[in-house]
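# Reading the structure
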Amino acid sequence: MSGHLTHRIFAGPPNFEDVQKGDAPEPGYVLKLDDPICLTGDDFADPESTFDEVQLVPDEMTGKDMARLRDTDVFVDVVKPMPAMTGHHHRPLVAWVKAIAPARDITESYGTAATTIEAFYAALQSGDGKLASTFVVPEKTRKGAFSPQALSSFYGSLSEPISLIDIHKVDETHFSVRYRFTSGKRPCDGSAAITTVKRDGRDFIQSIRAENGC
């Protein structure tokens, strides 16, 4: 989802009406969507009603990022979305935040090596190491970490697939990326420096250097 992130104080129990009349304060985040949506396929959802605000719930890993990015435009990757069912649900849709990043214009990637990097991580997200390896310089895919077998073995077995959260162009051949995945029960909120190279008019990944151990 994409939209504008704000921090609110909602009224909780006993009456869920007004904190200044004795209701407990319930801090929360709201995403003002770029475009209205509706919900289908749930008894608590009215598919005829549209809305443009979603209540977002952070976890331990995303809470700091949400605090840092409040009052800005963001892109949010969510899990376990559900329609509001209790007084503690303050918007029509409640969703838990898996990852959040500053919103960016995807057209900024056009004509740059960023599109190759995006394609590489999209292939990894589906666990397709053979496809992912085609975006790496061929000499590094014959064996080792960038081989189709190694990529498929690791990224295809993740309990939570890798997601590319953000990509930043440093210069024409250098980029920094943020990503997230979970291996077993161990979550990784990772970052890496990527170097690309152009061959016969096409961009390839030459190296990836993880910056925080995962």
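Our structure's up above, just so we're on the same page.
Before going into details, it helps to say that this report is about the structure given with it. As the structure is a computational prediction, the values presented were derived from the model and not from experiment. (Residues numbered from 1 in each chain as written. Predicted model: local features only at pLDDT ≥ 70, side-chain atom pairs only at ≥ 80, totals over all residues. Heavy atoms only, no water.)

### A closer look at the side chain of H90
For H90, the position within the fold is in the loop between β4 (72-83) and β5 (93-102). Owing to a relative accessible area of 16%, H90 belongs among the buried residues under this scheme. Within the structure, H90 has its side chain in polar contact with the side chain of E26 (distance 2.8 Å). Other than its neighbours up to four places away in sequence, H90 contacts F10, A11, E26 and Q55. (Helix = DSSP H or I, 4+ residues; strand = E, 2+ residues; numbered from the N terminus. Buried < 20%, exposed > 50% of the residue type's maximum accessible area, 1.4 Å probe, protein only. Polar contact = N/O pair within 3.5 Å; in protein donor to acceptor, adjacent residues only side chain to side chain. Contact = heavy atoms within 4.5 Å.)

### Side note on the sheet that holds strand β9 (residues 202-210)
Reading across the sheet, the four strands line up as β6-β7-β8-β9 and stay open at both edges, with antiparallel pairing between neighbours. Both outer strands of the open sheet, β6 (160-169) and β9, are each paired with one neighbouring strand and no more. Direction aside, the axes of adjacent strands within the sheet are offset by 30° on average. Two elements, strand β8 (residues 186-199) and β9, share eight bridges in a ladder whose sense is antiparallel. (Pairing = 2+ DSSP bridges. Axes fitted to C-alpha atoms, helices over the stretch in contact; angles between N-to-C directions.)

### With respect to the pattern of salt bridges
For the structure on display, the rule yields 11 salt bridges. Residues E53 and R91 are paired through a salt bridge, measuring 2.6 Å at the closest nitrogen-oxygen approach. Note that E53 is positioned in strand β3 (residues 51-57) and R91 in the loop between β4 and β5, a separation of 38 residues in sequence. For R91, a relative accessible area of 19% gives the class buried. The shortest N-O distance in the salt bridge between D59 and R180 comes to 3.2 Å. Taken together, the residues span a long stretch of sequence, with D59 in the loop between β3 and α1 (63-69) and R180 in strand β7 (residues 174-183) at a distance of 121 residues. Taking the relative accessible area as the measure of exposure, D59 reaches 32% and is therefore partly exposed. Each of D65, R68, R178 and D189 takes part in a single network of salt bridges with overlapping partners. (Salt bridge = Lys/Arg side-chain N within 4 Å of Asp/Glu carboxyl O.)

### Focus on unusual backbone geometry
Backbone torsion omega between P13 and P14 reads 10°, so that peptide bond is classified as cis. The topology assignment puts P14 in the loop between β1 (2-11) and β2 (25-37). One non-glycine residue, F16, lies in the positive phi region at around 55°. The phi dihedral of D71 falls on the positive side, at around 65°, and the residue is not glycine. For D71, the position within the fold is in the loop between α1 and β4.

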